[in-house]
Amino acid sequence: MLLRLFLALLPPRSIQAEIAEIQKYFSDRYDSRAALRSPPHITLQAPFTQSPENIAILHKSLKEFAHNFTTVPITLNGFAAFAPRVIYVDVVQSPALMAIQTELAQYMGTKVGIRDENARTRPFKPHVTVAFRDLSKPNFQAAWTEFKTRSISFEFDANFLTLLQHDGRRWHINAEFPFNSP
């Protein structure tokens with residue numbers, strides 16, 4: 001059986017908890033629960049599949065990749081949307097963040113043989129999702145009216161790359177790969 005995985009940067013637990021509260025609000029108020037199925041994160045490599053036999057090789061490759069980077073400064077600022085279904089906490093597109101995503105995509109393609117075919121037509125837009133997929137269009141309109149001017153702001157250093165794995169219901173941390181200390 002193939003494993004479903006993806007790669008992301010996770011905020012510190014305190015910020016994850018605050019964003020999870022917003023996701024819970026969307027669940028309770030706007031009937032959108034899908035975002036609660038993973039820890040709050042910034043996706044760097046979209047979901048892909050891998051055989052369990054290759055997971056040790058993947059871990060070794062990701063450890064090598066992460067070792068080439070120092071911490072990545074992250075700024076979360078305000079809410080934004082991909083109408084008509086997705087509302088998210090916006091992530092400032094810093095040079096360091098954009099570089100690690102680009103290099104990870106290249107590395108995964110050349111070293112691991114995993115490519116995100118959608119990335120060719122959809123440029124990387126870093127974000128932390130608070131409501132998506134199961135957010136109805138009418139609820140999107142109501143929620144967006146409420147959140148489009150709401151402020152939220154966090155700054156943190158991402159210190160590791162996280163591999164998440166789907167268990168059939170939710171995404172869980174499979175492994176973390178620390179960046180090289182500056």
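Just above, that's the structure.
The model shown is predicted, which means the values in this text are computed figures rather than measured ones.

Quick notes on the sheet that holds strand 7 (residues 160-166)
Step number 1: Strand order in the open sheet formed by four strands is 2-1-7-8, with antiparallel pairing between adjacent strands. Sheet topology places strand 2 (42-50) and strand 8 (171-178) at the edges, where each strand pairs with a single neighbour. Looking at each pair of strands side by side, their axes are set apart by 25° on average, direction ignored.
Step number 2: With seven bridges joining them, strand 7 and strand 8 adopt antiparallel strand pairing.

Overview of the packing of aromatic side chains
Step number 1: Tallied over the entire structure, the rule returns 11 aromatic pairs.
Step number 2: Each ring, one from Phe65 and one from Phe69, has its centre 4.9 Å from the other, and the planes form 40°; the classification is tilted. Side by side, Phe65 and Phe69 carry an identical accessibility label, which is buried.
Step number 3: Plain terms: the ring middles of Phe79 and Phe147 are 5.0 Å apart, the flat faces sit at 75° to each other, and that makes the pair edge-to-face. Within this pair, whereas Phe79 is found in strand 3 (residues 72-82), its partner Phe147 is found in helix 4 (residues 137-147), the two being separated by 68 residues in sequence.

Quick look at the pattern of salt bridges
Step number 1: The final tally for this structure, using the stated rule, is five salt bridges.
Step number 2: Measuring nitrogen to oxygen at the nearest pair gives 3.0 Å for the salt bridge that ties Glu64 to Lys60. Here Glu64 pairs with Lys60, and both are found in helix 2 (residues 55-67), just four residues apart, close to one helical turn.
Step number 3: Overall, the relative accessible area of 38% leaves Glu64 in the partly exposed class.
Step number 4: In this structure, the salt-bridge partner of Glu146 is Arg150, at a minimum N-O distance of 2.9 Å.

Looking at the sheet that holds strand 6 (residues 153-158)
Step number 1: If you trace the four strands from one edge of the open sheet to the other, you get 5-4-3-6, paired in antiparallel fashion. Strands with a single pairing partner mark the edges of an open sheet, and in this sheet they are strand 5 (127-131) and strand 6. Across the sheet, the mean angle from the axis of one strand to that of its neighbour is 35°, orientation sign disregarded.
Step number 2: Relative to strand 6, strand 3 is paired through six bridges, and the arrangement is antiparallel. Note that in strand 6 the partner of Pro73 across the bridge is Asp157.
Step number 3: Together, strand 3 and strand 4 (86-91) form the strand contacts of helix 3 (residues 95-112), whose direction differs from that of strand 3 by roughly 85°.
Step number 4: Taken strand by strand, helix 4 contacts strand 3 and strand 4, and its axis lies near 130° from that of strand 3.

Some details on the pairing of strand 3
Step number 1: Pairing analysis gives five bridges linking strand 3 to strand 4, with the strands arranged antiparallel. Directly across from Ala81, in strand 4, lies its bridge partner Ile87.
Step number 2: In this antiparallel pair of consecutive strands, strand 3 and strand 4, the connection spans three residues.

Criteria and cut-off values
- Residues numbered from 1 in each chain as written.
- Predicted model: local features only at pLDDT ≥ 70, side-chain atom pairs only at ≥ 80, totals over all residues.
- Heavy atoms only, no water.
- Pairing = 2+ DSSP bridges.
- Helix = DSSP H or I, 4+ residues; strand = E, 2+ residues; numbered from the N terminus.
- Axes fitted to C-alpha atoms, helices over the stretch in contact; angles between N-to-C directions.
- Phe/Tyr/Trp six-rings, centres within 6.5 Å; stacked < 30°, edge-to-face > 60°.
- Buried < 20%, exposed > 50% of the residue type's maximum accessible area, 1.4 Å probe, protein only.
- Salt bridge = Lys/Arg side-chain N within 4 Å of Asp/Glu carboxyl O.
- Contact = heavy atoms within 4.5 Å.

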